[in-house]
Amino acid sequence: MKTITKIFRMVISVILGFISILLVVLILYSPGKSEPFLDSDGTKLAGSISEKTFVTIGGVRQGMFIKSKNKNNPVLLFLHGGIPMYYLTKKYPTGLEDYFTIVWWEQLGSGLSYNSNIPPETMTSEQMISDAVELTNYLRQRFGQEKIYLMAHSGGTFFGIQTAAQHPELFHAYIGVSQISNQLNSERLAYDYMLKRYKETDNRKMVRKLENASISDGISDSYLQIRDKGMHELGVGTTRDMKSVFTGIFIPSLTCKEYTVKEKFNMWRGKSQSGVSSMWDEILTTDLKDKVTNLDIPVYFFSGVYDYTTSYTLSKAYFERLNAPIKGFYSFEKSAHSPIFEEPLRLREIIENDVLNGKTGLSDTVLEDF
């Protein structure tokens, strides 16, 4: 009995020691200060801006990172999907700060803007649109610009394209990255693809799990429990090369030094409460190609051909039906759900040649004055 007790105490001591080391490492990686842009001499780049800031939007304190190598550049407001993405720029630099003053807003209930007192029922598309407009007006005033650019990704495109449609006077252009159209149909396509691929590779365990998960008029919890695992294993999830949400998303979020420990904790606390998206039920019951049919500003869609999180095929079909004065659809041949991270050189080429010039010369489909 004494030997067992001694072994048990040793195991507990090792576990506690390991946890203590992890906490120390986490604290060292969490100073929570925004990192400046530096010139060749290692001093702060003149004219640049790099800050983490908080603004009251819709009566709630909300946070964002503002980054630019030249704060006089056009402003670009970025709307994330189910979870903030700023920390991924450390591994996947986009170069957007060379062209824009980019605002990585962490919207209501997410990341820097998480607050346990926010009623879940208030996190609707209407509230997100209202918040986006309020933040846009703040940015217009602060940076002295009549209009800004609006870029949205994944779940952010659901209210992003509605914001652009309702308030075209505020924006130069709308850029939808992995644009949502009919998400329920997208999930059905993803389910069919994963089942087919796992049958081809004789992965009986995943086939059995998928066959036990229902996709009909709604999305079952059993499907959501294996959805991300399946997509990432097959290279059709967040990125083509990301095989695990834990190593590809969770760990980078913990090692990003521009968040405090509390902010990192709140990021995942918010994610656990919102699930796929705080607007998930609304997204599943809305067909955007019927809800938003016209925009009065240039529209650009960026889509990864391997994207099954928001179907590439459905995004392109939506684009073809959408009316806009100038519009361009851009296929990213090596990408899944995050083309701006996966193919930054192509992104920069499109921004430099098309978006900033209000044309669509590099797109798959060139349609002007549609």
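All values derive from a computational prediction rather than experimental measurement. (Residues numbered from 1 in each chain as written. Predicted model: local features only at pLDDT ≥ 70, side-chain atom pairs only at ≥ 80, totals over all residues. Heavy atoms only, no water.)

**Remarks on the overall build of the protein chain**
Across its full length, the protein chain carries 13 helices and nine strands. Structurally, the protein chain occupies a C-alpha span of about 85 × 55 × 40 Å along its principal axes. Here the protein chain holds 370 residues, and the buried ones make up 52% of them. Restricting the contact set of the protein chain to residue pairs at least 6 apart, pairs at least 24 apart contribute 73%. Put simply, the protein chain has 41 plus and 41 minus side-chain charges, and the middle of one group is 10 Å from the middle of the other. (Helix = DSSP H or I, 4+ residues; strand = E, 2+ residues; numbered from the N terminus. Buried < 20%, exposed > 50% of the residue type's maximum accessible area, 1.4 Å probe, protein only. Contact = heavy atoms within 4.5 Å. Lys, Arg positive; Asp, Glu negative; His and termini not counted. Charge placed at Lys NZ, Arg CZ, Asp CG, Glu CD.)

**Digging into the environment of Leu184**
With respect to the helices and strands, Leu184 occurs in helix α4 (residues 183–200). For Leu184 and Ile251, which are 67 residues apart along the polypeptide, the C-alpha to C-alpha distance reads 30 Å. Excluding anything up to four places from it in sequence, Leu184 contacts Ser216, Asp217, Gly218, Ile219 and Leu284.

**Quick notes on α4**
Taking 1.5 Å of rise per residue, the 18 residues of α4 would be expected to cover 26 Å, and the 26 Å separating its terminal C-alpha atoms lies within 8% of that figure. Buried-residue contacts for α4 involve α5 (204–211), α6 (221–233), α9 (280–284) and α11 (312–321). The opening residue of α4, the one whose side-chain oxygen lies 3.4 Å from the backbone nitrogen of Leu184, is Asn182. Directly beyond the C-terminal end of α4, a positive phi value near 60° is found at Asp202. (Expected span 1.5 Å × (residues − 1). Polar contact = N/O pair within 3.5 Å; in protein donor to acceptor, adjacent residues only side chain to side chain.)

**Regarding the pattern of salt bridges**
Under the criterion given, the structure shown has 16 salt bridges. Between Glu35 and Lys90 there is a salt bridge whose closest N-O contact spans 3.6 Å. On the criterion of sequence distance, the pair formed by Glu35 in the loop between α1 (2–28) and β1 (49–57) and Lys90 in the loop between β3 (75–79) and β4 (101–106) is long-range, its members being 55 residues apart. Since its relative accessible area comes to 36%, Glu35 is described here as partly exposed. (Salt bridge = Lys/Arg side-chain N within 4 Å of Asp/Glu carboxyl O.)

**Observations regarding the nonpolar core**
Leu77, Trp105, Ile161, Tyr174, Leu295 and Phe301 are the most contacted members of the largest nonpolar core, which has 45 residues in total. Broken down by element, the residue count for this core peaks at seven residues, all from helix α2 (residues 125–143). (Core = buried A, V, L, I, M, F, W, Y, C linked by side-chain atoms within 4.5 Å.)

**Topic: the packing of aromatic side chains**
Applying the stated criterion to the full structure yields 17 aromatic pairs. Judged by centre distance (4.7 Å) and plane angle (50°), the rings of Phe78 and Trp104 are tilted. Within this pair, whereas Phe78 is found in strand β3, its partner Trp104 is found in strand β4, the two being separated by 26 residues in sequence. Exposure remark for Phe78: the relative accessible area of 1% places this residue in the buried category. Seen from their ring centres, Tyr300 and Tyr330 are 6.2 Å apart, and the 40° between their planes marks the pair as tilted. Note that Tyr300 is positioned in strand β7 (residues 299–304) and Tyr330 in strand β8 (residues 326–332), a separation of 30 residues in sequence. A relative accessible area of 0% places Tyr330 in the buried class. Here the aromatic cluster, defined as three or more aromatic residues joined through ring pairs, consists of Phe65, Phe78, Tyr86, Trp104 and Tyr259. In this arrangement the basic side chain of Arg61 is found over the ring face of Phe54, its NZ or CZ atom lying 3.8 Å from the centre. The ring centre of Phe332 lies 5.2 Å from the NZ or CZ of Arg346, which sits over that ring. (Phe/Tyr/Trp six-rings, centres within 6.5 Å; stacked < 30°, edge-to-face > 60°. Lys NZ or Arg CZ within 6 Å of the ring centre and 35° of its normal.)

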